[in-house]
Amino acid sequence: MSIDPKTYEYANDVLKGRIILITGATDGIGKALALHAATLGAQVILHGRNTGKLEAIYDEIESIDGAPRPSIAVLDLATADGDAYSALGKSIEDEFGRLDGLVHNAGILGQRLSLEQYDPGEWQKVLHVNLTAPFVITQQLIPALRNSEDPSIIFTSSGVGRVGKPFWGAYSVSKFGTESMSQILANENRHTSLRSNCINPGPVRTNMRLEAYPAEDRDALKKPGEILAAYVYLLGPDSKGVTGESFDIQ
Ligand code: NDP
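What counts, and where the lines are drawn
- Residues numbered from 1 in each chain as written.
- Predicted model: local features only at pLDDT ≥ 70, side-chain atom pairs only at ≥ 80, totals over all residues.
- Heavy atoms only, no water.
- Near = heavy atom within 4 Å.
- Polar contact = N/O pair within 3.5 Å; in protein donor to acceptor, adjacent residues only side chain to side chain.
- Areas by Shrake-Rupley, 256 points an atom, 1.4 Å probe, with all protein chains shown as cover.
- Helix = DSSP H or I, 4+ residues; strand = E, 2+ residues; numbered from the N terminus.
- Nonpolar A, V, L, I, M, F, W, Y, C, P; charged D, E, K, R; others polar.
- Phe/Tyr/Trp six-rings, centres within 6.5 Å; stacked < 30°, edge-to-face > 60°.
- Buried < 20%, exposed > 50% of the residue type's maximum accessible area, 1.4 Å probe, protein only.
- Expected span 1.5 Å × (residues − 1).
- Bend = angle between axes of the 7 residues up to and from the residue.
- Pairing = 2+ DSSP bridges.
- Axes fitted to C-alpha atoms, helices over the stretch in contact; angles between N-to-C directions.
- Contact = heavy atoms within 4.5 Å.

Undergrad: Looking at this model, I keep getting lost on the site of the ligand. Mind explaining?
TA: Within the structure, the ligand sits among 28 residues, and T26, R49, K53, Y171 and T206 are positioned closest to it. Note that an oxygen atom of the ligand is positioned 2.8 Å from one of the side-chain N or O atoms of R49. For the ligand, whose accessible area on its own is 900 Å², the fraction buried by protein is 93%. Mapped by element, the contributors of at least two residues to the shell around the ligand are α1 (28-39), α5 (169-188) and α6 (207-212). When the residues that make up the shell around the ligand are grouped by side-chain class, the tally is 11 nonpolar, 11 polar and six charged.

Undergrad: Which parts of the structure should I look at to understand the packing of aromatic side chains?
TA: Each aromatic ring pair is characterised by the separation of its centres together with the angle its planes make. Evaluation of the coordinates by the stated rule reveals five aromatic pairs. With centroids separated by 5.2 Å and ring planes inclined at 65°, the aromatic side chains of Y8 and Y233 adopt a geometry described as edge-to-face. Taken together, the residues Y8 in the segment before β1 (19-22) and Y233 in helix α7 (residues 229-235) connect sequence positions 225 residues apart. Of the two residues, Y8 and Y233, both sit in the buried class. Grouping aromatic residues by their ring pairs yields a cluster made of Y8, Y10 and Y233.

Undergrad: I keep staring at helix α4 (residues 120-146) and nothing clicks. Help me out?
TA: Count 3.6 residues to each turn of an α-helix, and residues three or four apart come out pointing the same way. Between its terminal C-alpha atoms α4 stretches 37 Å, which fits the 39 Å expected from 27 residues at 1.5 Å a residue. Its maximal kink placed at H128, α4 deviates by approximately 45°.

Undergrad: Sorry, what's going on with the sheet that holds strand β3 (residues 71-74) here?
TA: Consider a sheet: its strands pair through backbone hydrogen bonds, and that pairing is either parallel or antiparallel. If you trace the seven strands from one edge of the open sheet to the other, you get β3-β2-β1-β4-β5-β6-β7, paired in parallel fashion. The open sheet has two edge strands with one neighbour each: β3 and β7 (246-248). Strand after strand, the sheet turns through a mean of 20° between neighbouring axes, direction not considered. Bridge count for strand β5 (residues 152-156) against strand β6 (residues 195-200) is five bridges, and the pairing is parallel. When the bridges of β6 are listed, S152 appears paired with R195. Across the sheet, α4 is in contact with β1, β4 (101-104) and β5; its angle to β4 comes to roughly 175°.

Undergrad: Explanation requested: the side chain of S158 in the structure shown.
TA: Its place among the elements puts S158 in the loop between β5 and α5. A polar contact is formed between the side chain of S158 and the backbone nitrogen of V160, at a distance of 3.1 Å.

Below, the structure written as structure tokens:
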């Protein structure tokens, strides 16, 4: 029987022993996932650009009974240079020897303007943070992922990663690119245990969603903690062999 990631049910130690890096773990979906993965037994590497926010989540995880102690990786995806990315890869290999899960979650919305009006500098920044940075992080972390028995990469897509809606500009283009990057990686690794999939979270009550839809009724939206089953499924053992897919989880 195939599993529906949306309604996936799991044991409360399903991620026990897994080492998982989550980018953008300081807010929204990434923060909720970091806390939840830690309660399920994962050793979480919290990535973010803001040390104060990272330390606050670190402390929250430390206060969860039985949760493994997390780690912190500070890297501003808009400004970090090549050396900073290779230092990230090296520090994970040195400290843990392997990586079992990599969740590319950090992202920015950019401008909501027509292509005619879109600022080229902003375009470059959005593509850099949402698309190029995940590429470089993946490249640097593949050696550590290959040391895992069951490595899983999740890229975060969007509904506008499949349909080019007006006024979604660089964000939409970055998410189309994300879908393609995940497929390429999956197809290049069909003969290995490394799997790569996309999740489109759908509308979730976060700062990014508020920025995109300021007039919307926030109470009608799901909270980040309510959409995590598919992430847990893809990070855990029950999705072994699943690769090259893109999941809409609402
Ligand atoms: P939030 O704005 O709540 O969180 C974004 C996260 O990315 C934060 O942790 C933020 O850090 C981090 N981030 C942003 N820029 C950088 C940077 N330069 N360097 C390092 N970290 C950075 O967004 P969501 O939780 O809503 O979004 C998470 C993912 O889900 C994104 O990829 C988004 O595109 C996708 N998504 C979200 C939807 C939704 O409805 N919410 C719908 C479809 C897709 P900081 O805390 O410092 O700001």
